[in-house]
2 protein chains.
Amino acid sequence: MPSATAPIASTDDHAALALRLGRAARAASLVLANVPTERKNAALLRLAALIDESAAALAETNTRDLAAGAEAGLAPAMLDRLKLTPARIAQMAEGVRQVAALPDPVGDELERFTRPDGLEIRKVRVPIGVIAIIYESRPNVTIDCAALCLKSGNASILRGGKEAFHSNTALAALIARALAETGLPADAVQLMPTTDRAALTELLKRDDLIHCVIPRGGEGLIRFVAQNSRIPVIKHYKGVCSIYLHRDADAAMASAIAVNAKVQRPSVCNAAEKLLVHRDAAPSLLPVVGRALAEKKVELRCDPEAARILTAAGLATKAATETDWDEEYLDLIIAVKVVDDLPAAVDFINTHGSAHSDAIITGDAAAAEHFLNTVDSAAVFWNASTRFNDGFEFGLGAEIGISTDRLHARGPMGLRELCTYKFRVVGRGHVRG
Amino acid sequence: MPSATAPIASTDDHAALALRLGRAARAASLVLANVPTERKNAALLRLAALIDESAAALAETNTRDLAAGAEAGLAPAMLDRLKLTPARIAQMAEGVRQVAALPDPVGDELERFTRPDGLEIRKVRVPIGVIAIIYESRPNVTIDCAALCLKSGNASILRGGKEAFHSNTALAALIARALAETGLPADAVQLMPTTDRAALTELLKRDDLIHCVIPRGGEGLIRFVAQNSRIPVIKHYKGVCSIYLHRDADAAMASAIAVNAKVQRPSVCNAAEKLLVHRDAAPSLLPVVGRALAEKKVELRCDPEAARILTAAGLATKAATETDWDEEYLDLIIAVKVVDDLPAAVDFINTHGSAHSDAIITGDAAAAEHFLNTVDSAAVFWNASTRFNDGFEFGLGAEIGISTDRLHARGPMGLRELCTYKFRVVGRGHVRG
């Protein structure tokens, strides 16, 4: 087996590695699909204990990644993401315990019906099978994804970023120990022993053995996976989310929601990036909402009309350019636009948004209904912040991400969304006429 | 607009065509998503009437495809598939009426919950958006797919085979008339005006405008689409289906099911291709079941042990080669194998089958339960024929195909499987803490 420190050289080796990982995962998945909940939970709880026990050793290993990252000139923000502090290690263990406490989705009966000829059909939830997860620098993703896949009965192949390679390898060793000590297949969770992109490309060709690929990370990584994979991909792209203030919006509610959606955590996909205001209400609403945002140090990139109103109210603005309407800032910046009416707001969102999370603020039920029906996004909000589009907030428990795809899973992806179904059909000698 | 008879020449033109089709479909889809059921049904019923009224003209146009096909040396079976007889035209119209009569899946509430903070969340079924369907020679697919996509609120882009180009163009004209006469968007259903593969390749790049691709046809076409598409693909691959006769199987039931699964319609994906028999029961079961199959002119390709038993019973056999265990014959041929026990049968199916439809024949409930749990296929059958894996038989109504994928739709794909969902969230000024 190729070692971590001697990366694999030739394409042949990469292909062989992909085949070996895929075959081992497939074999493990057939066992895992029928492991009872208690045994999966036992493995998860053992993993949580091992993480806690190994906190010092994990932090020590993590310093190797941090040193290599500093030497490679990683930005401070990247180094921070990479870092395993005692609090983050404890959080990882706690996250695994939370997954153990969630209900097991496998075996749920989704439908049951008896056909006129007496044939009994049950549609039941089963694991997808083998899931590959491709991610970037944060090492806690290794544990999160392994735990969610294991609980949902899926074998996983994890391919983390090169910056976190030593940390990920140490975490994978704990996962392997937990699996071995609780009698689950060793190959139920496999970390790719190389971060070479050529090896990843080979893995993405194995649609005979791997059933689903989930890329988590920057847009470049996701595009690379989507364009090179023969395996179905569930993508987690960006969120270009809008807050639309309708003609009658309450200024206090509008301010509170706009500030929450923009400021509470600007770096995430369900943060607002655009503020749209009905023309009739702009003169009264914009000064209030703009001031609330400005007080939180949000830069306002405005169309000419919004700029005029905000400037007259004594607020600093910048002129929006054409690219501002489509951009995901992930920062304390918001683009502000005055729109003619509700249909114009909907049209703007369906044209410039990313179909992720969009909100209307209004007291008008008919206007809200129109917005909720016609905005073509995964989650549409009436008088609530876009920040609620999240697995925990929706009550799904831990999530593996927020899907921007429309097939299989849309929006928050929890344990149930890591499953597919099968039809179990029982006859008494039934043949088709 | 490029005409049918002057195919588009350069890559630039193909890219422009793909962009135009995609944009028009996307715009139509946003309207269609909120069209009430009655108006969709009115368009479908008008289409059915137009098909009936135009039977003579359709048959006349179809002769152009048949003549071109004969000249191009198409096999008689292909020419037969291409042919629009009066009965087939009436069947197309009837199929559209059946789709009109099915319940509309759009707007179904899938879940509703109120969070502890009072936030109200509804998960509702909505159309996927824009669906491209890529298919081969049979012109009725044009009508089937247009009707299913329209009823489920999706805009469709149809790309049929070149052999049926004139017939498809005539059918698309009827669809356009039905849409226009009932006030639905003209671009709700678009037929690609060229069958050039380069144009298809450009279409498959438009993941910004098209949300799902469904290829229907031979394995070569499906692989081409899967490998060239940046849009999520729902594949309908082959069915390598097995019937396993357990130790205690009743010979009469085993014969009836094996014959039904193999013979009733050998050319379809849920027909049986493999017959597995428990070693202990082989001497008594194989002569009976083998004779029943042989009487229906089924060729028996056997492993040495099955051959020995069947030959001793006076039946003709052929020796199976290694490739026989993985092959989809779609013909009156079945591969026959003696297995050591139930786990060996399950292992054979999970290794050589295509995870489509597999059956066990037994009176032993524990053995059946083991089989249903551990065979990793879309539909698993106990004492029933694999031929039941079908949208009509499962009561879904008309189907667009039988998905061999695990994501989004597995097994029969009806109207509901042509939908996704969105979250509608209603607050009273809720912000995230």
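Everything quoted here is computed from the prediction, not taken from an experiment. (Residues numbered from 1 in each chain as written. Chains lettered and ligands numbered in written order. Predicted model: local features only at pLDDT ≥ 70, side-chain atom pairs only at ≥ 80, totals over all residues.)

Novice: Give a detailed account of the overall build of chain A, specifying residues and quantitative values.
Specialist: Scanning chain A from terminus to terminus reveals 14 helices and 16 strands. In terms of overall size, chain A behaves like a compact globule, its C-alpha atoms giving a radius of gyration of 24 Å where 433 residues would be expected to give roughly 22 Å. Based on the C-alpha atoms only, the size of chain A along its principal axes is roughly 70 × 70 × 40 Å. In chain A, which comprises 433 residues, the share counted as buried stands at 53%. For chain A, long-range pairs separated by at least 24 residues make up 72% of all intrachain contacts whose partners lie at least 6 apart in sequence. (Helix = DSSP H or I, 4+ residues; strand = E, 2+ residues; numbered from the N terminus. Rg over C-alpha atoms; globule rule 2.2 N^0.38 Å. Buried ≥ 20, exposed ≤ 12 C-beta atoms within 10 Å, placed from the backbone. Contact = placed C-beta atoms within 7 Å.)

Novice: Summarise the sheet that holds strand 1 (residues 109-114) of chain B; cite the residues concerned and give the values.
Specialist: Spatially, 10(A)-9(A)-11(A)-8(A)-7(A)-12(A)-13(A)-16(B)-2(B)-1(B) is the arrangement adopted by the 10 strands of the open sheet, whose pairing is mixed. Since the sheet does not close on itself, it has two edges, and those belong to strand 10 (318-319) of chain A together with strand 1 of chain B, each with one partner. Relative to strand 16 (residues 419-430) of chain B, strand 13 (residues 379-384) of chain A is paired through 5 bridges, and the arrangement is parallel. Across the sheet, residue A:Phe381 finds its bridge partner in strand 16 of chain B, namely B:Val425. Helix 11 (residues 282-295) of chain A contacts strand 7 (241-245), strand 8 (272-278), strand 9 (299-302) and strand 11 (333-339) of chain A of the sheet and is inclined by roughly 155 degrees relative to strand 8 of chain A. Sheet strands touched by helix 14 (residues 365-374) of chain A: strand 12 (357-361) and strand 13 of chain A together with strand 16 of chain B. Its angle to strand 13 of chain A, the strand with the most contacts, is close to 160 degrees. (Pairing = 2+ DSSP bridges. Axes fitted to C-alpha atoms, helices over the stretch in contact; angles between N-to-C directions.)

Novice: Tell me about the sheet that holds strand 4 (residues 155-159) of chain B, and please be specific about residues and values.
Specialist: Residues and elements named next belong to chain B. Overall, parallel pairing links the 4 strands, which are arranged 5-4-3-6 in an open sheet. Edge positions in the sheet fall to strand 5 (189-191) and strand 6 (212-216), since each of these pairs with one other strand and no more. Each adjacent strand pair in this sheet contributes to an overall mean axis angle of 20 degrees, direction not counted. In the sheet, strand 3 (residues 130-135) pairs with strand 4 via 5 bridges, with the strands oriented parallel. If you follow Ile-131 over to strand 4, its bridge partner there is Ser-156. Across the face of the sheet, helix 6 (residues 140-151) comes into contact with strand 3, strand 4, strand 5 and strand 6 while running at roughly 165 degrees to strand 4.

Novice: If you had to explain helix 3 (residues 55-71) of chain A to someone new, which residues and values would you point to?
Specialist: All names here are of chain A. Over its 17 residues, helix 3 runs 24 Å from end to end, which matches the ideal 24 Å to within 8%, given 1.5 Å per residue. Looking only at helix 3, the buried set comprises Leu-58, Asn-62, Asp-65, Leu-66 and Gly-69. Relative to the axis of helix 3, the buried residues are bounded by an arc of 105 degrees and lie together on one face. Along helix 3, exposed side chains directed more than 90 degrees from the buried face belong to Ala-56, Ala-57, Ala-67 and Glu-71. Those residues of helix 3 that are buried lie in contact with helix 4 (76-82), helix 5 (86-101) and helix 7 (165-181). Looking one or two places after helix 3, you find Gly-73, whose phi comes out positive at around 80 degrees. (Expected span 1.5 Å × (residues − 1). Arc of directions from axis to C-beta.)

Novice: Before we move on, could you go through the relation of the copies chain A and chain B and cite the residues and values that matter?
Specialist: Mapping chain A onto chain B calls for a screw motion: a turn of 180 degrees about the axis and a shift of 0.0 Å along it, with 0.0 Å RMSD after fitting. Viewed as a symmetry operation, the transformation between the two copies matches a two-fold axis. Residue A:His408 of chain A places its C-alpha closer to the rotation axis than any other residue of that unit, at 1.7 Å. Interface overlap between copies: 98% of the residues of chain A at the interface are likewise at the interface in chain B, consistent with a symmetric, same-surface contact. (Least-squares fit on C-alpha atoms with pLDDT ≥ 70 in both.)

Novice: Can you tell me about the environment of A:Leu200, naming the residues and giving the values?
Specialist: All names here are of chain A. Within the fold, Leu-200 resides in helix 8 (residues 197-203). Judged by local crowding, Leu-200 falls into the buried class, with 23 C-beta atoms found within 10 Å. Taking the C-alpha atoms as reference points, Leu-200 and Asp-248, separated by 48 residues in sequence, lie 52 Å from one another. Apart from the residues lying within four places of it in its own chain, the contact partners of Leu-200 are Ile-134 and Arg-159.

Novice: Report on the domain arrangement of chain A, specifying residues and quantitative values.
Specialist: What the domain assignment reports for chain A is domain 1 (11-237 + 413-424) and domain 2 (241-388). In this structure, domain 1 of chain A and domain 2 of chain A have C-alpha centres spaced 37 Å apart. (Domains from an automatic or database assignment.)

Novice: Break down the nonpolar core for me, with residues and values.
Specialist: Residues A:Val96, A:Val213, B:Val96 and B:Val213 are the most contacted members of the largest nonpolar core, which totals 156 residues. Not counting the four nearest positions on each side in its chain, B:Val213 is found in contact with B:Ala132, B:Ile134, B:Leu204, B:Val225, B:Ser229, B:Ile231 and B:Val233. (Core = buried A, V, L, I, M, F, W, Y, C linked by C-beta atoms within 7 Å.)

Novice: Quick one: what's the story with unusual backbone geometry, residue by residue and with numbers?
Specialist: Residues and elements named next belong to chain B. Although it is not a glycine, Lys-297 adopts a positive phi angle of roughly 70 degrees. Relative to the elements of secondary structure, Lys-297 occurs in the loop between helix 11 (282-295) and strand 9 (299-302). The class of Lys-297 is exposed, set by 8 C-beta atoms lying within 10 Å. Despite not being glycine, Leu-330 has its phi angle at roughly 55 degrees, a positive value. Structurally, the position occupied by Leu-330 is in the loop between strand 10 (318-319) and strand 11 (333-339).

Novice: Break down the packing of helix 2 (residues 37-53) of chain B against helix 5 (residues 86-101) of chain B for me, with residues and values.
Specialist: Residues and elements named next belong to chain B. Closest axis-to-axis distance for the helix 2/helix 5 pair is 9 Å, and the angle between their directions is 170 degrees. Taken together, the axis directions place helix 2 and helix 5 in an arrangement best described as roughly antiparallel. Touching Asn-41, Leu-44, Leu-45, Leu-47, Ala-48, Ile-51 and Asp-52 of helix 2 are Ile-89, Ala-90, Met-92, Ala-93, Val-96, Arg-97, Val-99 and Ala-100, all from helix 5. Residue composition of the contact of helix 2 with helix 5, grouped by class: 12 nonpolar, 1 polar and 2 charged. (Parallel < 35°, antiparallel > 145°, perpendicular 65-115°, else oblique. Nonpolar A, V, L, I, M, F, W, Y, C, P; charged D, E, K, R; others polar.)

Novice: I'd like a description of the interface of chain A and chain B, backed by residues and values.
Specialist: Each partner contributes to the interface: chain A provides 58 residues, whereas chain B provides 57 residues. Of all the elements in the fold, those that place two or more residues in the side of chain A that touches chain B are helix 9 (219-228), helix 10 (251-263), helix 14, strand 13 and strand 16 (419-430) of chain A. With 11 residues, strand 16 of chain A is the largest single contributor of residues to the side of chain A that touches chain B. In terms of residue class, the side of chain A that touches chain B is built from 27 nonpolar, 19 polar and 12 charged.

Novice: Describe in detail the pairing of strand 1 (residues 109-114) of chain A, supporting the description with residues and values.
Specialist: Residue and element names in this part refer to chain A. Among the 6 residues in strand 1, 0 count as buried, and that is only a small part of the element. As paired strands, strand 1 and strand 2 (residues 120-127) are joined by 5 bridges and run antiparallel to one another. Its bridge partner being in strand 2, Glu-109 is matched across the sheet by Val-124. The turn joining strand 1 and strand 2, which pair antiparallel and follow one another in sequence, is formed by 5 residues; a positive phi near 95 degrees is taken by Gly-118.

Novice: Account for the environment of B:Gly363, naming residues and giving values.
Specialist: All names here are of chain B. As for its placement among the helices and strands, Gly-363 is situated in the loop between strand 12 (357-361) and helix 14 (365-374). Gly-363 sits in the partly exposed class, given 13 other C-beta atoms within 10 Å. Linking Gly-363 and Leu-245, residues 118 residues apart in sequence, is a C-alpha distance of 10 Å. Discounting residues that sit within four places of it in the chain, Gly-363 has contacts with Asp-248 and Asp-250.

Novice: So, the environment of A:Ala379: which residues are in play, and what are the values?
Specialist: As for its placement among the helices and strands, A:Ala379 is situated in strand 13. In the structure, A:Ala379 is positioned 22 residues away from A:Ser357 in sequence and 4.8 Å away in space, judged by C-alpha atoms. If we skip the residues at most four places from it in the chain, A:Ala379 touches A:Ser357, A:Asn389, A:Gly411, B:Lys422, B:Phe423 and B:Val425.

Novice: Outline the confidence of the model for chain A, listing residues and values.
Specialist: Residues and elements named next belong to chain A. Model confidence for chain A is summarised by a mean pLDDT of 94, while 97% of its residues fall at 70 or above. Scored below 50 in pLDDT, residues 1-6 makes 8 contacts in the model with residues more than four places away or belonging to other chains. Scoring of the predicted complex yields 0.93 for pTM and 0.92 for ipTM. (pLDDT = per-residue confidence, 0-100.)

Novice: Let's hear about the pairing of strand 11 of chain B: which residues, and what values?
Specialist: All names here are of chain B. Counting buried positions over the 7 residues of strand 11 gives 6, a clear majority of the element. In this structure, strand 8 (residues 272-278) lies alongside strand 11, joined through 5 bridges in parallel fashion. By the bridge assignment, His-278 is partnered in strand 11 with Val-339. Where strand 9 lies against strand 11, 4 bridges are found, and the strand directions are parallel. Residue pairing for strand 11: Arg-301 is matched across the bridge by Ala-335.

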